[in-house]
Amino acid sequence: MRIRNITGLLVPFVILALLFAQPAYAQFGEVAGQPHANVSIGSSNSVSFTLVNGGSTPIDFQIIAPASFQSSTANTIPPVVTVTPMNGTIAPGAEFTINVMVSVPSGKNNTPGTQWVGVIQAVVVSNSSGLNGASGANIQEGVAKVLTVTAIAPRPSLLPEAVAAAIIIIAAALIIYFKRFRKAKAASKPASEARAAGGRTTAVRGAKKQAAASTAARRGGRVTARKAAKRPAAARTAGRRARRPSGGSANRSRPRRRVRR
Amino acid sequence: MSVRAIPRKIAIGLVSLSLALAALALVSTALPLDATSSNTVVANVIVSNICFTSASPSSPSFASVAPPGSDNTNVEITDNDVGGNSQANVYVAGTSGSGATLGDWIGSGANTIPVGNTLWDLTSDSAYIGNALTNSLVETSIVVPAPNTLVTTTSANIFLGLSVPAGTSAGAYTQNIEIENLCGASETNTVITANVIVQGVCYISLSTTTLNFGTLTPTATYDTNAVVTDSDTGGNIAANVILQATSGSNGDWIGSGTNTIPVGNTLWDTASQSSYTGTPLTDSGTLTPIVVPAPNTVVTTTSANVFFGLGVPAGTAGGTYTQNILIENSC
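Residues numbered from 1 in each chain as written. Chains lettered and ligands numbered in written order. Predicted model: local features only at pLDDT ≥ 70, side-chain atom pairs only at ≥ 80, totals over all residues. Heavy atoms only, no water.

Structural notes on the pattern of salt bridges
All names here are of chain A.
Consideration 1: Using the criterion set out here, one finds one salt bridge over all chains in the structure.
Consideration 2: A salt bridge links Glu30 to Lys145, with the shortest nitrogen-to-oxygen separation between them at 3.3 Å. Within this pair, whereas Glu30 is found in strand S1 (residues 28–31), its partner Lys145 is found in strand S10 (residues 136–152), the two being separated by 115 residues in sequence. (Salt bridge = Lys/Arg side-chain N within 4 Å of Asp/Glu carboxyl O. Helix = DSSP H or I, 4+ residues; strand = E, 2+ residues; numbered from the N terminus.)

Some thoughts on a nonpolar patch on the surface
Consideration 1: A cluster of nonpolar side chains, namely A:Ile170, A:Leu174, A:Tyr177, A:Phe178 and A:Phe181, defines an oily patch on the protein surface of about 540 Å² accessible area.
Consideration 2: Examined against the element boundaries, A:Tyr177 turns out to sit in helix H2 (residues 159–187). (Patch = residues over 30% accessible without salt bridge, like charges linked within 9 Å, V, L, I, M, F, W, Y side chains within 5 Å. Areas by Shrake-Rupley, 256 points an atom, 1.4 Å probe, with all protein chains shown as cover.)

Topic: the nonpolar core
Consideration 1: Grouped together as the largest cluster of nonpolar side chains are 53 residues, with contacts concentrated most on A:Phe28, A:Leu51, A:Val100, A:Leu147, B:Phe308 and B:Ile327.
Consideration 2: Sorting elements by how many residues they give to this core places S10(A) first, with six residues.
Consideration 3: Membership of the second largest hydrophobic core comes to 29 residues, among which are B:Cys51, B:Ala88, B:Ala156 and B:Val198. (Core = buried A, V, L, I, M, F, W, Y, C linked by side-chain atoms within 4.5 Å. Buried < 20%, exposed > 50% of the residue type's maximum accessible area, 1.4 Å probe, protein only.)

Concerning the interface of chain A and chain B
Consideration 1: Between chain A and chain B, the residue contacts involve 31 residues of the former and 37 residues of the latter.
Consideration 2: Carbon and sulfur atoms make up 50% of the area that chain A and chain B hide from each other, which totals about 2,700 Å².
Consideration 3: For chain A, the biggest contributors to the area lost against chain B are A:Gln27, A:Ile139 and A:Gln140; these three give 23% of the whole.
Consideration 4: For the pair chain A and chain B, the number of links is 26 residue pairs in polar contact (both at pLDDT 80 or more).
Consideration 5: Among the elements of the structure, S1, strand S9 (115–124) and S10 of chain A are those that each provide at least two residues to the side of chain A that touches chain B.
Consideration 6: It is S10(A) that contributes the most residues to the side of chain A that touches chain B, eleven residues altogether.
Consideration 7: When the residues that make up the side of chain A that touches chain B are grouped by side-chain class, the tally is 14 nonpolar, 13 polar and four charged.
Consideration 8: Pairing of S1(A) with strand S12 (residues 201–206) of chain B, which is carried by four bridges, proceeds in the antiparallel orientation. Across the sheet, residue A:Phe28 finds its bridge partner in S12(B), namely B:Ile204. (Contact = heavy atoms within 4.5 Å. Buried area = accessible area lost by both parts, 1.4 Å probe. Polar contact = N/O pair within 3.5 Å; in protein donor to acceptor, adjacent residues only side chain to side chain. Nonpolar A, V, L, I, M, F, W, Y, C, P; charged D, E, K, R; others polar. Pairing = 2+ DSSP bridges.)

Considering the domain arrangement of chain B
One frequent convention defines the size of an interface as the accessible area lost when the parts assemble.
Residue and element names in this part refer to chain B.
Consideration 1: Each assigned domain of chain B is listed here: domain 1 (54–198) and domain 2 (205–330).
Consideration 2: Relative to domain 2, the C-alpha centre of domain 1 lies at a distance of 49 Å.
Consideration 3: Between domain 1 and domain 2, the contact holds eight residues from the first and seven residues from the second.
Consideration 4: For the pair domain 1 and domain 2, the summed buried surface comes to about 500 Å²; carbon and sulfur atoms form 58% of the total.
Consideration 5: Between the two partners, domain 1 and domain 2, sit zero salt bridges.
Consideration 6: Between domain 1 and domain 2 we count three residue pairs in polar contact (both at pLDDT 80 or more) in total.
Consideration 7: Looking at side-chain class alone, the side of domain 1 that touches domain 2 contains five nonpolar, three polar and no charged residues. (Domains from an automatic or database assignment.)

So, the packing of aromatic side chains
Consideration 1: Enumeration over the complete set of coordinates arrives at four aromatic pairs over all chains.
Consideration 2: Geometrically, the ring pair formed by A:Phe61 and A:Phe96 is edge-to-face, given 5.0 Å between the ring centres and 75 degrees between the ring planes. With A:Phe61 in strand S4 (residues 59–64) and A:Phe96 in strand S8 (residues 95–104), this residue pair connects regions lying 35 residues apart in the sequence.
Consideration 3: Centroid distance B:Phe213 to B:Tyr222: 4.9 Å. Interplanar angle 85 degrees. Geometry classified as edge-to-face.
Consideration 4: Residue classification places B:Tyr222 among the partly exposed positions, given a relative accessible area of 26%. (Phe/Tyr/Trp six-rings, centres within 6.5 Å; stacked < 30°, edge-to-face > 60°.)

Considering the environment of A:Glu95
Consideration 1: In this fold, A:Glu95 is placed in strand S8.
Consideration 2: Residue classification places A:Glu95 among the partly exposed positions, given a relative accessible area of 37%.
Consideration 3: Taking the C-alpha atoms as reference points, A:Glu95 and A:Ala171, separated by 76 residues in sequence, lie 61 Å from one another.
Consideration 4: With residues up to four places along the chain from it excluded, the contact list for A:Glu95 reads A:Val31, A:Thr50, A:Leu51, A:Val52, A:Ile90, B:Ala66 and B:Gln199.

Describing the state of the cysteines
All names here are of chain B.
Consideration 1: Inspection of every chain in the model, using the stated rule, returns two disulfides over all chains.
Consideration 2: A sulfur-sulfur distance of 2.1 Å marks the disulfide that ties Cys51 to Cys183. Looking along the S-S bond of the Cys51-Cys183 disulfide, the torsion reads about -100 degrees, which is the left-handed sense. Of this pair, Cys51 sits in the loop between helix H1 (5–30) and strand S1 (54–56) while Cys183 is found in strand S10 (residues 171–183), placing the two residues 132 residues apart along the sequence.
Consideration 3: We classify Cys51 as buried; its relative accessible area is 0%.
Consideration 4: Its relative accessible area of 6% is what places Cys183 among the buried residues.
Consideration 5: With its sulfur 2.2 Å from that of its partner, Cys202 forms a disulfide with Cys331. Across the S-S bond linking Cys202 and Cys331, the dihedral sits near -90 degrees, which makes this disulfide left-handed. Of this pair, Cys202 sits in strand S12 while Cys331 sits in the segment after strand S22 (322–330); the two residues are 129 residues apart in sequence, bridging distant segments of the chain. Accessibility assignment for this pair places Cys202 and Cys331 in one class, buried.
Consideration 6: For chain B, numbering the cysteines in disulfides from first to last along the sequence yields the connectivity 1-2, 3-4. (Disulfide = S-S within 2.5 Å.)

Here it is in structure tokens:
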């Protein structure tokens with residue numbers, strides 16, 4: 001009787017346990033959206049995608065990077081893809097992000113707009129084969145992302161602009177330097193040479209003006225004659241100025257003061 | 001002083017006296033009987049009991065969820081009473097939507113998540129547990145203490161969790177949640193708008209892990225009708241099926257020693273065939289026209305079949321051969 005009673009009590013519990021018990025299951029998936037990488041030629045860029053475990057048991061997976069790329073453009077150098085990590089375990093109800101670094105090499109036919117398409121696969125790792133040594137096909141499950149890579153123009157280098165700017169700056173510096181050098185050279189010429197050269201020039205100019213004055217007087221213009229008469233005096237003054245060792249506004253004012261005295 | 005002047009003065013005096021008496025009478029009637037002090041005015045006021053409600057944040061965000069999935073009950077909402085004076089009991093309800101969807105999470109189009117998929121709890125939980133939200137106010141056991149003149153703001157926390165059912169369409173969803181503070185006959189409420197992004201996702205689950213073509217003699221074929229069912233349970237996006245043979249270095253069937261059967265001798269098709277016909281399998285991922293439809297909240301599991309056949313080339317050495325076939329969903 002006791003045994004019967006215990007059994008009678010256990011049966012409902014067993015039935016309830018069977019009703020409420022959920023079998024452990026794995027549910028491998030991926031977040032929707034195909035990755036698209038725009039990559040500068042000669043450079044790299046990264047994209048990512050996400051794997052999901054919607055089940056109640058952990059999932060071990062392994063990544064298969066694209067073995068080859070398809071392109072509509074002939075004779076291109078295909079992108080180089082680095083996937084991180086290449087394997088892992090996704091906890092139940094969790095997500096797992098896979099990063100993909102894509103590099104597009106420089107090449108004759110790798111022009112902006114060139115596209116490549118490759119498949120990145122995430123395969124569920126199973127430790128046991130269902131075949132158990134028999135013939136047949138092992139069926140593996142996984143998810144895949146179709147990676148599209150588009151080559152874009154390389155980033156413009158600042159080097160040419162920098163070189164041009166440097167050339168302009170150096171040229172400007174040289175011009176300024178040579179101008180100053182010339183001035184300094186001119187200033188350092190012997191004073192006697194400058195005096196002689198200046199005196200000669202002014203005397204010639206004064207003589208010319210004197211001749212012009214006499215010509216004007218001969219023509220009969222009184223006013224013109226007067227103006228012309230002033231010119232020899234100006235010529236003499238100019239001669240004196242020229243004989244001074246150096247010119248300048250301060251020096252030019254001295255003779256006036258002397259006149260006032 | 002004339003005879004006329006005296007009565008005028010008397011009249012003025014009488015009028016003044018009467019006015020003074022009237023004023024005195026008025027004052028005496030205005031004062032309460034017990035107001036014995038002639039210079040004291042006693043003012044009375046009744047301060048009523050009240051509790052106020054303000055919740056922060058006003059737009060709490062749940063982490064994006066891939067269905068079927070959940071966010072733990074740890075999204076914190078603080079219910080504040082600023083300046084009240086009474087302890088308040090907290091009530092909650094979902095108020096978004098209307099009619100059949102009253103209280104539900106509302107997405108684009110007719111997409112919804114049931115109101116009861118939001119759970120509330122007194123404490124932060126590291127799991128999706130708690131009490132289901134309803135579309136009518138439910139008293140929680142959460143209490144906002146009474147503020148006082150020293151502590152003029154008091155608060156209590158309520159924690160929310162969310163479960164996104166299988167097949168829920170991808171997109172943004174919002175839910176209005178009313179939080180009411182009730183103290184005595186006084187009640188005040190505020191409405192917060194919770195939001196969540198449901199991710200698009202596709203899953204894969206295969207009906208079998210092996211295909212056994214039995215024993216075949218050279219030149220014999222196996223009709224393209226060995227089926228593998230590819231299912232998506234709980235996702236929300238249609239998936240394209242990709243096939244690839246992965247055994248060996250080039251996908252061939254591997255026998256003992258160096259014996260092989262070429263990979264392309266395995267054919268696949270979208271329909272069951274009564275002959276050995278179809279598309280040769282390859283060792284690179286091939287996008288097939290097979291599509292696993294998107295599940296939804298009504299039909300939470302969808303599937304598509306892939307059929308395989310095999311031909312054994314003439315002269316193939318006897319023995320056991322195996323091939324690995326990879327079936328992938330991509331969305």
